[in-house]
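This is what each chain is made of:
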Amino acid sequence: MTANTTSPYYPMPNTSPDPKTSPDANKEQRSISSLYELIEAQIDFMQQWLLQQAEPLANEAWHWLSAQPMSRYLSCEDLQHLINDWLLSQPMTEVMRTDIRAILQTLIYHPSNDNVPLSELVDETQVHTLANYIGSHQQQRNGLIHALIGNDTFADLLTQTLYHAINDFMENTLDKAGGVGKLMKMGRSSFEKATNRNLDEKLQTYLHRNIKDLTNKAEANAQAHLSNEEVSRLLVMGWARIKDQPVSQLQTYLNNDPDNGSIQHIEASVQQSYNRLRLSPYLRSLVAASVKTWYDNHQADTIAALAASVNIDELAVTRFTPTLLPIINDAINSEWLSAHLRDMLQAFYRQPNIQQALAKKDE
């Protein structure tokens, strides 16, 4: 590096004699100029040395760090503060929310979903295990039967379906029955006036009451007579009907409107739940208990043991080091490092004992 005698990093020492009055002014100026060059040469040497040693230094730094116990640098309270004060206390930024929506959009509507069946997402053994679990647990089994047969929504849907079918049949039949049809329509009108009640309403009430009774009886019979094996078989058969369908079939249940689609609604709903929970005492208590459990189990571990638990071993670090080297090299060559080295060396040479030693050497 070329010495810069006008640099603000090289202020003239306060003890320098006035060049107009001191007989040794030329000698002092030459000494300071040599010091500037010495500092610049040292900075250049250190940067070149660090560049050459960057990779082995990084590996040695990892070896040293990996042998240190976690508890020396990180306490349970530190982890609690990190999670509570930085993660839970802050809402998720809009940038991150936008990224989440964009990634979900890419994953859900990716072209590869057209060629991948649902069976690749869920292993066959998982389906059988779940089916056997539900079939062998009475509470879960009865809940499934109620969801399929005994719920009010199913009864209402069946009532409306039958009502529309009967009403459509009657209307078409009466229109084709000529005089008899007209007579039946007059009878219907007279019935409604006499009872002050709409026949359609009475028909719906009748159907709903009877269908509800029928679904209740069907549910009771199913719970009483449907065996564990039959419940499991029904679940497996249901899975068999859909397992070969492509993953993209799930897209049919979503609205892909770019401004007001299902993904926006799903993400907004998750955010609403997260924002409600992240500050709640309930979640804080769970986090505190979880962190304490983890810390108690690992406080004696070294950094290397913790890294190995997430499959980061020495080989992984060795392979990752070349990726870091360009960053390290740029940092070593940066002006901010040169400036700090310059400040450090100036402070070193300004020490009285160093100045005295240099003065004696120049004599």
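Residues numbered from 1 in each chain as written. Predicted model: local features only at pLDDT ≥ 70, side-chain atom pairs only at ≥ 80, totals over all residues. Heavy atoms only, no water.

Novice: So what exactly am I meant to see when it comes to the packing of helix H2 (residues 76-88) against helix H11 (residues 281-298) here?
Specialist: When two helices pack together, their arrangement is captured by the angle between the axes and the distance separating the axes. Where H2 contacts H11, the two axes come as close as 10 Å, and the packing angle between them is 145°. As H2 packs across H11, the resulting crossing turns out to be right-handed. Judged by residue contacts, Cys76, Leu79, Gln80, Ile83, Asn84 and Leu88 of H2 engage Leu283, Arg284, Val287, Ala288, Val291, Lys292, Trp294 and Tyr295 from H11. Per-class residue counts for the contact of H2 with H11 are 10 nonpolar, two polar and two charged. (Axes fitted to C-alpha atoms, helices over the stretch in contact; angles between N-to-C directions. Helix = DSSP H or I, 4+ residues; strand = E, 2+ residues; numbered from the N terminus. Left-handed = near helix turned anticlockwise from the far one by under 90°. Contact = heavy atoms within 4.5 Å. Nonpolar A, V, L, I, M, F, W, Y, C, P; charged D, E, K, R; others polar.)

Novice: Quick question: what am I supposed to make of the environment of glutamate 229 here?
Specialist: Tracing the backbone through its elements, the reader meets glutamate 229 in helix H9 (residues 228-242). The exposed category is assigned to glutamate 229, whose relative accessible area is 55%. Sequence separation between glutamate 229 and glycine 135 is 94 residues; the distance between their C-alpha atoms is 6.6 Å. (Buried < 20%, exposed > 50% of the residue type's maximum accessible area, 1.4 Å probe, protein only.)

Novice: Looking at this model, I keep getting lost on the nonpolar core. Mind explaining?
Specialist: A general trend in soluble globular proteins is that nonpolar side chains are found buried together. Core analysis: the biggest nonpolar cluster contains 10 residues, these being Ile39, Ile43, Ala54, Leu325, Ile332, Leu337, Leu341, Leu345, Tyr349 and Ile354. Among the elements that make up this core, the one with the highest residue count is helix H14 (residues 335-349) (four residues). Not counting residues up to four positions away in its chain, the partners in contact with alanine 54 are Leu325, Ile328, Asn329 and Ile332. Membership of the second largest hydrophobic core comes to eight residues, among which are Cys76, Leu79, Val291 and Leu306. (Core = buried A, V, L, I, M, F, W, Y, C linked by side-chain atoms within 4.5 Å.)

Novice: Can you walk me through H9 in this structure?
Specialist: The α-helix advances 3.6 residues per turn, and as a result positions three or four apart in sequence lie on the same side. In this model, H9 (15 residues) spans 22 Å end to end at C-alpha, consistent with the 21 Å of a helix rising 1.5 Å per residue. Of all the residues in H9, the buried ones are Val231, Ser232, Val236 and Trp239. End-on, the buried residues of H9 take up no more than an arc of 130°, which puts them together on one face. Buried residues belonging to H9 abut helix H4 (124-136) and helix H5 (138-150). (Expected span 1.5 Å × (residues − 1). Arc of directions from axis to C-beta.)

Novice: It is not clear to me how a nonpolar patch on the surface should be interpreted in this structure. Could you clarify?
Specialist: On the surface, Phe154, Leu158, Leu162 and Ile166 cluster together into a nonpolar patch covering about 290 Å² of accessible area. Take isoleucine 166: it is sitting in helix H6 (residues 152-176). (Patch = residues over 30% accessible without salt bridge, like charges linked within 9 Å, V, L, I, M, F, W, Y side chains within 5 Å. Areas by Shrake-Rupley, 256 points an atom, 1.4 Å probe, with all protein chains shown as cover. Salt bridge = Lys/Arg side-chain N within 4 Å of Asp/Glu carboxyl O.)

Novice: How do you make sense of the environment of leucine 88 when you look at a structure like this?
Specialist: Note on placement: leucine 88 falls in helix H2. When its relative accessible area of 8% is taken as the criterion, leucine 88 is described as buried. In sequence terms leucine 88 and leucine 283 are 195 residues apart; their C-alpha atoms lie 9.4 Å from each other. Setting aside residues up to four positions removed in sequence, leucine 88 forms contacts with Ile83, Tyr274, Arg278, Leu279, Leu283, Arg284 and Val287.

Novice: Explanation requested: unusual backbone geometry in the structure shown.
Specialist: Glycine aside, residues mostly have negative phi angles, and peptide bonds mostly take the trans form. The backbone of asparagine 311 shows a phi angle near 65°, a positive value even though the residue is not glycine. Tracing the sequence through the fold places asparagine 311 in the loop between helix H12 (303-309) and helix H13 (314-333).

Novice: How do you make sense of H5 when you look at a structure like this?
Specialist: All of the buried residues along H5 are Arg141, Asn142, Ile145 and Gly150. The buried residues of H5 all sit within an arc of 105° when viewed along its axis, so they share a single face. Facing away from the buried surface of H5 by more than 90 degrees, the exposed residues are Gln139 and Leu148.

Novice: Just checking my understanding: could you explain the confidence of the model for the protein chain for this structure?
Specialist: Regions with low pLDDT should not have their predicted coordinates read in detail. Residues with a pLDDT of 70 or more make up 81% of the protein chain, whose mean pLDDT is 81. When mean pLDDT is taken per element in the protein chain, H11 scores highest with 95 and helix H7 (residues 179-195) scores lowest with 50. When the criterion is pLDDT under 50, residues 1-23 qualifies, and its contacts beyond four places in sequence or with other chains add up to 31 contacts. For the stretch residues 25-32, pLDDT sits under 50, and the model shows nine contacts to residues farther than four places along the chain or on other chains. (pLDDT = per-residue confidence, 0-100.)

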